[in-house]
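Spelled out from the first residue to the last, the chains are:
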Number of protein chains: 2
Amino acid sequence: MGTTQLESVPEPKYWHLKTVLSDALDSEFAVGEILPNERELAARFGVARATLRQALEQLELEGRLQRRRGVGTTVAPPRVGVSVGDPAHSWPGINDTADPWRPVGSDEATPPPAVARLLGTEPDRTTHVVRRTRLAHGQPLAAELLYIPDASVPHLSSIDAPGGTARARTLLRELARLELEGQEQAVELGSARAEDAKELDRLPGSPVLIVTTRYYAQGRTAAVAVATYRADTCRLTFGDPSGGMQLLAG
Amino acid sequence: MGTTQLESVPEPKYWHLKTVLSDALDSEFAVGEILPNERELAARFGVARATLRQALEQLELEGRLQRRRGVGTTVAPPRVGVSVGDPAHSWPGINDTADPWRPVGSDEATPPPAVARLLGTEPDRTTHVVRRTRLAHGQPLAAELLYIPDASVPHLSSIDAPGGTARARTLLRELARLELEGQEQAVELGSARAEDAKELDRLPGSPVLIVTTRYYAQGRTAAVAVATYRADTCRLTFGDPSGGMQLLAG
DNA sequence: AAGTGGTCTAGACCACAAG
DNA sequence: TTGTGGTCTAGACCACTTT
């Protein structure tokens, strides 16, 4: 045979392309640098543009690249670690000066069935909803919907109008009066709803990490937060070395 | 105008298709049921197969569908919640009868740079590597590589040959002699390496949730685990309502 | 106006599982 | 052998950003 090696299990072109590009990113490009456009890259590698795009998609999924319509494809910085599991910081309304969340509005709505189940309310019962955004270095990392049943904020004054951030702050302040007794969290993969995508500066459908947090207070589920993190730029961190190990002692 | 509504911001076909299919899944299909094949679905909706596939891809990403080459597209069951954050269960080697991890082999290798950094070892220093698989209901959920520096298993007998599961069990048993002092975890999105994909019964490149756990013992980082969870079938859970809230008291 | 990535088409062939 | 999903092509047009 003239071929020095025959691939008994030939890997797809886009897969090979991905590794080639990945190596090139490590050695020949700096963070923030802009790559040649897709048509040129495809021509350079001798593949169709769709195939080239399949490789780029995976690299973007892995946080190596960032693509923006009308602009180009750039080399992404390493993912930022965002602390998600620490109750002391995540309990809404705690007035930490380092609170990374910014309230952007409030509303009243019927939560999705999954949330209603966690809250233990009837499926068609409305709750307060506070919308918040989490920023880091000026970039939006996450968009959150915080569902608060009436029972958790009994002393709510009805001065402020729904929809405003003033109302949102009032709700958070009321919620903070409760003493947090525990929390449960879950992380899963999803795709950004149109509304979240806008806030995250991404296209609808782009991959996101959905963090659902169930807050316990007064022996009940006091609130449920559904936070949508950009999967391309975020690495979610849980726990820390100094504490929390009491679990093992018991 | 003859049109009752003009879309000033027309949504992409595949996006609309996705919502239509999603509704159909809720109302007309049962879990495990097999959908019509892609060519027929595309014809039925009057779109190209590639467009139809774009919608299916997103639904699979969201855990609604499962596609298998040569078989077909089926309606996926709800994601299973897998406990990830509880140190009492995740500390390797603890002889819990309910331990969901099954050792499948061991080796000696130089860890990836990111892991070496966590371990505090030189980049080219080899460590023991234990390969484990996590199962639920007979289905593989996760594949893990556990990196253990020599210093963490000083009493290791060199009877067993590397590569075998016997050696893996020995390593885990030795590791369990250490008292766990703390752990740190991170979750991020990735795509399955060829090796992991095989173990997870997925195609290479399919989306996975990568959980990196740093175990502390004896004041050092005693081991680092890199676990690759199927993103389509898994919902990772952290913490629990009964404990862990000591953090707030301090 | 020009250039970028995003969407879409209508084909073709391949790898795999099951009969 | 048949039928499935997976890969790939060579185009076209659209939405968006920048100049």
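Keep in mind it's a predicted model, so treat the numbers as computed, not measured. (Residues numbered from 1 in each chain as written. Chains lettered and ligands numbered in written order. Predicted model: local features only at pLDDT ≥ 70, side-chain atom pairs only at ≥ 80, totals over all residues. Heavy atoms only, no water.)

1. Overview of the protein's contact with DNA strand C
Stage number 1. Taken together, 27 residues surround DNA strand C, and among them A:R49, A:R53, B:K13, B:A48 and B:T51 come closest.
Stage number 2. A share of 69% of the atoms of DNA strand C within 4 Å of the protein falls on sugar and phosphate groups.
Stage number 3. Interatomic distance of 2.9 Å between a side-chain N/O atom of A:N37 and a phosphate oxygen of DNA strand C.
Stage number 4. Breaking the surface near DNA strand C down by element, the ones donating at least two residues are helix 2 (38-45), helix 3 (49-61), strand 1 (65-68) and strand 2 (72-75) of chain A together with helix 1 (13-28) and helix 3 (49-61) of chain B.
Stage number 5. At 4 residues, the largest contribution of residues to the surface near DNA strand C is made by helix 3 of chain B.
Stage number 6. Class assignment for the residues of the surface near DNA strand C results in 9 nonpolar, 7 polar and 11 charged. (Near = heavy atom within 4 Å. Polar contact = N/O pair within 3.5 Å; in protein donor to acceptor, adjacent residues only side chain to side chain. Helix = DSSP H or I, 4+ residues; strand = E, 2+ residues; numbered from the N terminus. Nonpolar A, V, L, I, M, F, W, Y, C, P; charged D, E, K, R; others polar.)

2. Quick word on the domain arrangement of chain A
Residues and elements named next belong to chain A.
Stage number 1. The domain boundaries assigned to chain A delineate domain 1 (13-75) and domain 2 (80-249).
Stage number 2. For domain 1 versus domain 2, the distance between C-alpha centres works out to 35 Å.
Stage number 3. For the pair domain 1 and domain 2, the interface holds 1 salt bridge.
Stage number 4. Put simply, R202 and E60 hold a salt bridge, and the shortest N to O gap is 3.4 Å.
Stage number 5. On inspection of domain 1 and its partner domain 2, the count reaches 2 residue pairs in polar contact (both at pLDDT 80 or more).
Stage number 6. Mapped onto the side of domain 1 that touches domain 2, the elements with two or more residues apiece are helix 3 and strand 1.
Stage number 7. Of the residues belonging to the side of domain 1 that touches domain 2, the class tally is 1 nonpolar, 2 polar and 3 charged. (Domains from an automatic or database assignment. Salt bridge = Lys/Arg side-chain N within 4 Å of Asp/Glu carboxyl O.)

3. Observations regarding the nonpolar core
Stage number 1. A:V187, A:Y229, A:L236, B:V187, B:Y229 and B:L236 are the most contacted members of the largest nonpolar core, which has 33 residues in total.
Stage number 2. Non-local contacts of B:Y229, meaning those with residues more than four positions away in its chain, are made with B:V82, B:V84, B:W101, B:R134, B:L141, B:A142, B:V208, B:L209, B:V211, B:C234 and B:L236. (Core = buried A, V, L, I, M, F, W, Y, C linked by side-chain atoms within 4.5 Å. Buried < 20%, exposed > 50% of the residue type's maximum accessible area, 1.4 Å probe, protein only. Contact = heavy atoms within 4.5 Å.)

4. Concerning the sheet that holds strand 6 (residues 139-148) of chain B
Stage number 1. Within the open sheet, the 8 strands sit side by side as 3(A)-10(A)-7(B)-8(B)-9(B)-6(B)-5(B)-4(B). Their pairing is mixed. Unpaired on one side and paired on the other, strand 3 (80-83) of chain A together with strand 4 (101-109) of chain B mark the two borders of the sheet. If you compare each strand with its neighbour and ignore which way they point, the axes differ by 20° on average.
Stage number 2. Both strand 4 of chain B and strand 5 (residues 127-136) of chain B contribute to a ladder of 8 bridges, which runs antiparallel. Across the sheet, the residue bridging to B:E108 is B:H128, located in strand 5 of chain B.
Stage number 3. The strands touched by helix 6 (residues 165-175) of chain B within the sheet are strand 4, strand 5, strand 6 and strand 9 (220-230) of chain B, with strand 4 of chain B carrying the most contacts at an inclination of about 95°. (Pairing = 2+ DSSP bridges. Axes fitted to C-alpha atoms, helices over the stretch in contact; angles between N-to-C directions.)

5. Remarks on the interface of chain A and chain B
Stage number 1. Facing the 43 residues of chain A at the interface are 43 residues of chain B.
Stage number 2. Summed over both partners, the interface of chain A with chain B comes to about 3,500 Å²; 66% of that surface belongs to carbon and sulfur atoms.
Stage number 3. Inspection of the chain A/chain B interface yields 2 salt bridges.
Stage number 4. A:R79 is paired through a salt bridge with B:E188; the nearest N and O atoms lie 2.8 Å apart. (Buried area = accessible area lost by both parts, 1.4 Å probe.)

6. With respect to the relation of the copies chain A and chain B
Stage number 1. Turning chain A through 180° and shifting it by 0.0 Å along the axis lays it on chain B, with an RMSD of 0.0 Å. Classification of the inter-copy transformation places it as that of a two-fold axis.
Stage number 2. Interface overlap between copies is the fraction of interface residues in one copy that are interface residues in the other; for chain A against chain B it reaches 100%, indicating a shared surface. (Least-squares fit on C-alpha atoms with pLDDT ≥ 70 in both.)

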